[in-house]
Amino acid sequence: METTMTHNVSVEVTDGFHLVIDALKHNDIDTIFGLVGIPITDLARLAQAEGMRFIGFRHEQNAGNAAAIAGYMTKKPGICLTVSAPGFLNGLTALANATTNCFPMILISGSSEREIVDLQQGDYEEMDQLNVARPHCKAAFRVLKAEDIGIGIARAIRAAVSGRPGGVYLDLPAQLLAQTIEAGHAQRSLVKVIDAAPRQLPAPESVERALALLKDAKKPLILLGKGAAYAQADADIRAFVERTGIPYLPMSMAKGLLPDTHAQSASAARSFVLAEADVVVLVGARLNWLLAHGKGKTWGKPKQFVQIDIAPTEMDSNVAIAAPLVGDIGSCVGALLAGLDGAGIDKPDSEWLGAIAQRKEQNTAKMAALLDKNPVPMNFHSALRSIRDVLKEYPDINLVNEGANTLDFARSIIDQYQPRKRFDSGTWGIMGIGMGFAIGAAVTSGKPVVAVEGDSAFGFSGMELETICRYELPVTTIVFNNNGVYRGTDVNPTGGKDVAPTVFVKNARYDKMIEAFGGIGYHATTPEELARALCEAIASGKPALINAVIDETAGTESGRLTNLNPQSAAKK
Ligand code: ADP
Ligand code: TZD
């Protein structure tokens, strides 16, 4: 803040830079993930000078992913700060991914001079960012006057976290940051967002309808999605599951809401319960492609759905919802819990529970046989068995997971014991979240992170190993190295010099990459070496990367999504 003389009267002045930081701090936001350059370098410097944490990345998409996962973990919007046009576009994928996954984040980008951009006169990093962002987020705002910064940040925060959470874009032109404003006026313009995500109570008649449906259910099932994990209504969700005795299935990021070892988990009998259930209670899970749109072979017999969601338009989006329950998950589950006794709802039929138990036993035995094998080289199963056994000792560890086979197998083999500890490719099945999520999770939780990564998946954000080392984060990255995308075995049918589209350099040593930045590299070719390296890496609390050598013939095209590859009937 400076004092200037105007007409012989001294006034305290401040500027746009300071107001942005003041407005964020005023709303208890303490961390910015970003990448500096014109016009926001001084903004990042100032954030740090004012006691905020600025975590600088090597690519904006990774900074955006870190912000998004911080938002998911805390219910406060994660902040990503970028430069104009290309930096903004690099961050935009993360913003869109956050919106798709219902994670609250705010992408703040500097932008070039409006009057030049709008006349398309060719400014440095010229782009109409606001309009580009609009279709990819919940809301997009631009602030033109310093006195509106407080309102702009308040609107961005509320838009990100209220209702269905998601991404918000905030455009800050370079001129705004340099604008000066009288300090008292500036101070008064700050807005503290009160009750940013208010509880939204379900209508009593909706609760009754849902309870009536549950009362008549013969084969009920509860499906927990990442909305349930996000809601932080852990105790009520657990009480609802346990009091009703209904078997449940967690979607991947809802794993750990109840420990995966819970007796009522039906994960090991997933196909069976999806096909057989008659009434399904969806708790913060959409009937999108991940749930086969609620119909078809996966769902077998006709169902009736109870759906708990904060977004009213989610209801009937794919199939008819018999009992929509619109509200926040905490309030809705609380209302159901309170009504159980009155509705006379008892534990489900023992026949249903018995059939599930039997199926679980069969499938678990089959899986155990696969997991117990020790092929040379390792395959996904033997490598994941050793990771699973080590991570059992660290129930509060954060797990990041992406890849195709690496994702599919790790999701079913590695148990989660606590809520909001698993972060993965999510609703889009996106590759590239790995190091961004790992950094976001480590910075937000202060706890160790293990990132289980396909070698292709890792490549999208691998340069952030330097960021991990720079901030000395306790992140252990395990690269499942099978020499390519999905597998490493394809050949170029022409016999030409170029390798096949799915193939990488054979026997690459990803462990050497982290050594370049002072981290610890391990090379593991057996489950024992992998377990030893992982234990040592976690215990050290230092940045580490384990190059886990996986049989290049293991795995399938697109993991479990082989059927989504278009197949033409025409003969090749
Ligand atoms: P999954 O991929 O785990 O199946 P989805 O991302 O498809 O989960 O679904 C999450 C759902 O949770 C979204 O429809 C979203 O609107 C909803 N949701 C998020 N937060 C809350 C909340 N606090 N209360 C109610 N619903 C919520
Ligand atoms: N680009 C982006 C941004 N997201 C994607 N999902 C893809 C490309 C396509 N894709 C997948 O769907 S999985 C995958 C790609 C490139 C990588 C699979 O190889 P991997 O894993 O080495 O990471 P596995 O375990 O070897 O199968």
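The name given to the chain in an unreviewed UniProt entry is Oxalyl-CoA decarboxylase, with the source organism recorded as Pseudoduganella umbonata. In the Sequence similarities (unreviewed entry) part of its UniProt record, the chain is described as follows: "Belongs to the TPP enzyme family."

Here we take up the site of ligand 2. Within the structure, ligand 2 sits among 17 residues, and Asn 405, Thr 406, Gly 429, Asp 455 and Ala 457 are positioned closest to it. Between an oxygen atom of ligand 2 and a main-chain N or O atom of Ala 457, the distance comes to 2.9 Å. Asn 482 places a side-chain nitrogen or oxygen 3.2 Å from an oxygen atom of ligand 2. With the chains in place, 76% of the 600 Å² that ligand 2 exposes on its own is no longer accessible. A breakdown of the residues in the shell around ligand 2 according to their chemical character gives 8 nonpolar, 8 polar and 1 charged.

UniProt feature "domain: Thiamine pyrophosphate enzyme central" (unreviewed entry): in the numbering of this structure it lies at residues 207-336. Taken end to end, residues 207-336 comprises 32% helix and 18% strand; its first and last C-alpha atoms sit 6 Å apart.

The subject of this paragraph is the sheet that holds strand E20 (residues 544-549). Pairing is parallel across the open sheet formed by 6 strands, whose spatial order is E16-E15-E17-E18-E20-E19. In the strand order of this sheet, the two ends are held by strand E16 (422-424) and strand E19 (520-524), each with one partner. Strand-to-strand twist across the sheet, computed as the mean angle between neighbouring axes with direction ignored, equals 15°. Where strand E18 (residues 475-481) and E20 come together, 6 bridges link them in parallel fashion. Bridged to Thr 477 within E20 is Leu 545.

Bringing the UniProt feature "domain: Thiamine pyrophosphate enzyme N-terminal TPP-binding" (unreviewed entry) in the chain into the picture now. Taking the numbering used here, the UniProt-annotated feature "domain: Thiamine pyrophosphate enzyme N-terminal TPP-binding" (unreviewed entry) corresponds to residues 16-131. Secondary structure over residues 16-131 splits into 52% helix and 17% strand, and the C-alpha atoms at its two ends are 23 Å apart.

Among the 7 residues of strand E8 (residues 167-173), 7 are classified as buried, and the element is accordingly described as predominantly covered. Of the two faces of E8, the one carrying Gly 167, Tyr 169, Asp 171 and Pro 173 and the one carrying Val 168, Leu 170 and Leu 172 are both buried. Note that strand E6 (residues 105-111) and E8 share 7 bridges and pair parallel. Residue pairing in the sheet places Met 105 in a bridge with Gly 167 of E8. For the handedness criterion, the β-α-β arrangement of strand E7 (residues 139-142), helix H7 (residues 149-161) and E8 is classed as right-handed.

Further remarks concern the pairing of E6. Among the 7 residues of E6, 7 are classified as buried, and the element is accordingly described as predominantly covered. Residues of E6 alternate between two faces, with Met 105, Leu 107, Ser 109 and Ser 111 on one and Ile 106, Ile 108 and Gly 110 on the opposite face, all of them buried. Pairing of strand E5 (residues 78-82) with E6 involves 5 bridges; the strand directions are parallel. By the bridge assignment for E6, Cys 80 is matched with Leu 107. One crossover worth recording links E5 to the parallel E6 by way of helix H4 (residues 85-101), and it is right-handed.

The next subject is the environment of Gly 56. Its place among the elements puts Gly 56 in strand E4 (residues 53-56). For Gly 56 and Ala 44, which are 12 residues apart along the polypeptide, the C-alpha to C-alpha distance reads 9.0 Å. For Gly 56, the contacting residues outside a window of four places in its chain are Gly 34, Thr 467, Arg 470 and Tyr 471.

As a further point, take helix H22 (residues 527-540). The end-to-end C-alpha distance of H22 is 20 Å, a good match for the 20 Å that 14 residues give at a rise of 1.5 Å each. For H22, the full list of buried residues reads Pro 527, Leu 530, Ala 531, Ala 533, Leu 534, Ala 537 and Ile 538. The buried residues of H22 occupy an angular sector of 165° when the element is viewed end-on, so they sit on one face. For H22, the exposed residues lying more than 90 degrees away from the buried face are Arg 532 and Ala 539. Packed against the buried residues of H22 are helix H16 (380-391), strand E17 (449-454), E18, E19 and E20. Two residues or fewer after H22 comes Gly 541, characterised by a positive phi angle close to 70°.

What counts, and at which threshold
- Residues numbered from 1 in each chain as written.
- Chains lettered and ligands numbered in written order.
- Predicted model: local features only at pLDDT ≥ 70, side-chain atom pairs only at ≥ 80, totals over all residues.
- Heavy atoms only, no water.
- UniProt positions renumbered as here; feature names shortened; annotations may be inferred.
- Near = heavy atom within 4 Å.
- Polar contact = N/O pair within 3.5 Å; in protein donor to acceptor, adjacent residues only side chain to side chain.
- Areas by Shrake-Rupley, 256 points an atom, 1.4 Å probe, with all protein chains shown as cover.
- Nonpolar A, V, L, I, M, F, W, Y, C, P; charged D, E, K, R; others polar.
- Helix = DSSP H or I, 4+ residues; strand = E, 2+ residues; numbered from the N terminus.
- Pairing = 2+ DSSP bridges.
- Axes fitted to C-alpha atoms, helices over the stretch in contact; angles between N-to-C directions.
- Buried < 20%, exposed > 50% of the residue type's maximum accessible area, 1.4 Å probe, protein only.
- Right-handed = clockwise from strand over helix to strand, strands pointing away.
- Contact = heavy atoms within 4.5 Å.
- Expected span 1.5 Å × (residues − 1).
- Arc of directions from axis to C-beta.

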